[in-house]
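Secondary and tertiary structure notes
These are the residues of each chain, in order.
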Amino acid sequence: MKASSIILTALCVTIALRAQSDDLDPRNWIGHDRTRPLPPVVDPGVGSTPDQAGKAPSDAIVLFDGTNLSKWVAMNGEPTKWIVKDGAMECVPGSGYVRTLQCFGDAQVHVEFASPAKPEGSGQGRGNSGFFFGGMRYEIQVLDSYQNDTYADGSCASIYNQYPPLVNASRPPGQWQSYDILWTAPRFESDGKLRSPARVTLFHNGVLVHHNVELIGDTGWVTRGPYRAHPEKLPLAIQDHGNPVRFRNIWVRELGRPGRPEFFLADKVLDGYVGKYQVNRNWIVDVTRRDGCLFFQWAGEDFLVFATSPNRFFAKTTDVQVEFKTENNEDVAYFSVGEDGGMRAKKVK
Ligand code: MG
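Residues numbered from 1 in each chain as written. Predicted model: local features only at pLDDT ≥ 70, side-chain atom pairs only at ≥ 80, totals over all residues. Heavy atoms only, no water.

1. Describing the overall build of the chain
Applicable threshold: Numbering goes from the N terminus for both helices and strands, where a helix is a DSSP run of H or I of at least four residues and a strand is a run of E of at least two. Radius of gyration: over C-alpha atoms. The globule rule applied is 2.2 Å multiplied by the number of residues raised to the 0.38 power. Relative accessible area decides the class of each residue, using a 1.4 Å probe on protein chains only: under 20% of the type maximum gives buried, over 50% gives exposed, and in between gives partly exposed. Here, residues are in contact when the closest pair of their heavy atoms is within 4.5 Å. Only the protein chains shown count as cover for residues, with accessible areas throughout obtained via the Shrake-Rupley method and a probe of 1.4 Å. Under this rule, positive means Lys or Arg and negative means Asp or Glu; His and the chain ends count for nothing. To locate a charge, take atom NZ for lysine, CZ for arginine, CG for aspartate or CD for glutamate.
Per the secondary structure count, the chain includes two helices and 25 strands. The C-alpha radius of gyration of the chain comes to 23 Å, within 12% of the 20 Å expected for a compact globule of 349 residues. Overall, the chain is about 70 × 60 × 40 Å in size when its C-alpha atoms are taken along their principal axes. Counting every position in the chain, which comprises 349 residues, the buried fraction comes to 44%. Within the chain, contacts between residues separated by at least 24 positions form 57% of all contacts whose residues are at least 6 apart in sequence. When the accessible surface of the chain is totalled, it reaches about 18500 Å², and 54% of it is carbon and sulfur. Looking at charge distribution, the chain has the averaged site of its 38 positive side-chain charges lying 3 Å from that of its 40 negative ones.

Listed below in structure tokens is the structure:
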């Protein structure tokens, strides 16, 4: 893409975003203004019944529709050993957590779950799983809490180790239950200090159980928090706690200004891109990986780049992109920085 079209695209996106927020601010409009843009039309989908999973709204990203696990991987990015059976994805005890390939920030999330129909164990040992935001940082507890007492902040629909649900709206084991979650991701300053905490509103089986509560940090078994700085968008994850809990009809609607889709790639994919890339005789660009993130050095600056596909990355601070390819059996990278578009560089180490 030429620099002029990149600038034009950025300008259009900026104008569109500003226009959208202006549209929503009542102070910018007189009452019943006929020129005020109408909201986008969304097919709301269909609600689930006990026997039949529903259909997501038309603007949702469907993460599981009952057929396959293409949107899910093991935490290290490898294929998961969880199985798909009778339209549900099921935890195989001992196989580990699963996470989404795509990363999400602020979002509306719908997920349905069912504990094993034949209850086994008690307390935390019965139908335990968990739905996580921020990778594995923030857990909304999934547990068979139907006539199964445990500590309050570990009950089904608790924000684990922080907030018990306002009420216990659990259904009996084996029956499908739902979470409808509004998630506001925490924000961090560039020095890692917390700017604003995570917030959760949660409906359990349609009943409000958390009303915009403020998380005090990471959830954890024996310790709470503190917050550890992380990117705004990270994968969603589901826990393997040793019980064959089932999930179905999982979808997400990104809120606010989600920007480009972002993906969390396996370490081994990122490692494949790490190395030195020769742009010309006197210029070598270093691509490195730190803390699971890819960086490249350009004009003395280290750019943190985010994956928008398995081989394309972009920075959020500057108009910078890099695309990795194999051409004629050579590993190459195309770097685009500002007006300098698509500079080919061959991997030399
Ligand atoms: Mg759990």
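2. Some remarks on the side chain of E139
Test applied: When a carboxyl oxygen of Asp or Glu is within 4 Å of a side-chain nitrogen of Lys or Arg, the pair counts as a salt bridge.
Structurally, E139 is set in strand β9 (residues 138-142). It turns out E139 is buried and unbridged, and the closest side chain with the opposite charge, R228, is 12 Å from it.

3. Examining unusual backbone geometry
For the peptide bond that leads from G225 to P226, omega is -5°, which places it in the cis range. Along the chain, P226 turns up in the loop between β14 (207-214) and β15 (237-238). Backbone geometry places D86, a non-glycine residue, at a positive phi of 50°. Overall, the relative accessible area of 73% leaves D86 in the exposed class.

4. Comments concerning the sheet that holds strand β2 (residues 72-74)
Spelled out, the test is: For two strands to count as paired, DSSP must find a minimum of two bridges between them.
The antiparallel open sheet is built from five strands, whose spatial order is β2-β5-β15-β8-β9. What marks the edges here is a single partner per strand, and that holds for β2 and β9. As paired strands, strand β8 (residues 129-133) and β9 are joined by five bridges and run antiparallel to one another. Opposite F132, over in β9, you have E139 as the bridge partner.

5. Comments concerning the coordination of the magnesium ion
Which entries qualify depends on this criterion: Metal coordination here is assigned from N, O and S atoms located within 2.8 Å of the ion, or within 3.2 Å for Na, K and Ca; omission of water means that sites may look incomplete.
With distances of 2.2 to 2.4 Å, the protein atoms coordinating the magnesium ion are N128 (OD1), S129 (O), E139 (OE), Q141 (OE1) and Q239 (OE1). Residue S129 is classed as buried on the basis of its relative accessible area, which comes to 1%. Classification of Q141 as buried rests on a relative accessible area of 1%.

6. Digging into the domain arrangement of the chain
For clarity, the threshold we go by: Each domain's extent was defined by an automatic or database domain assignment. Note on terms: buried area is the combined drop in 1.4 Å-probe accessible area of two parts once they are placed together, counting the loss on both. Only Asp, Glu, Lys and Arg are considered charged, only Ala, Val, Leu, Ile, Met, Phe, Trp, Tyr, Cys and Pro nonpolar, and every remaining residue, Gly among them, polar.
Domain annotation of the chain identifies domain 1 (3-254) and domain 2 (267-347). Here domain 1 and domain 2 have C-alpha centroids that lie 32 Å from each other. Across the boundary between the two partners, domain 1 contributes five residues, which contact seven residues of domain 2. Summed over both sides, the interface between domain 1 and domain 2 buries roughly 460 Å², with carbon and sulfur atoms accounting for 57% of that surface. The tally of links between domain 1 and domain 2 comes to one salt bridge. E78 is paired through a salt bridge with K268; the nearest N and O atoms lie 3.5 Å apart. A breakdown of the residues in the side of domain 1 that touches domain 2 according to their chemical character gives three nonpolar, one polar and one charged.

7. Considerations on the environment of F263
Summarising the element assignment, F263 is placed in strand β17 (residues 262-263). A C-alpha to C-alpha distance of 6.5 Å links F263 and S309, two positions 46 residues apart in sequence. Non-local contacts of F263, meaning those with residues more than four positions away in its chain, are made with L101, Q102, C103, A307, T308 and S309.

8. Looking at a nonpolar patch on the surface
Rules: What goes into a patch is any residue over 30% in relative accessible area without a salt bridge, connected to like charges within 9 Å or, for nonpolar side chains (Val, Leu, Ile, Met, Phe, Trp, Tyr), within 5 Å.
There is a patch of nonpolar side chains on the surface, built from L166, V167, F203, V207 and L208 and spanning about 390 Å² of accessible area. With respect to the element layout, V207 can be found in strand β14.

9. Concerning the layout of surface pockets
Applicable threshold: Think of a 1 Å grid over just the protein atoms. A cavity is a set of points where a 1.4 Å probe fits yet cannot get out, a pocket is an open set with protein on both sides within 12 Å along at least five of seven lines, and lining residues have an atom within 4 Å of a point. Grid points are joined across faces, edges and corners, and a volume is the space filled by probe spheres set on the points.
Estimates place the volume of the second largest pocket at around 240 Å³. Contributing to the lining of the second largest pocket are 15 residues, with T49, P50, R171, W176 and R248 lying nearest its centre. A class-by-class count of the residues in the lining of the second largest pocket yields two nonpolar, nine polar and four charged.

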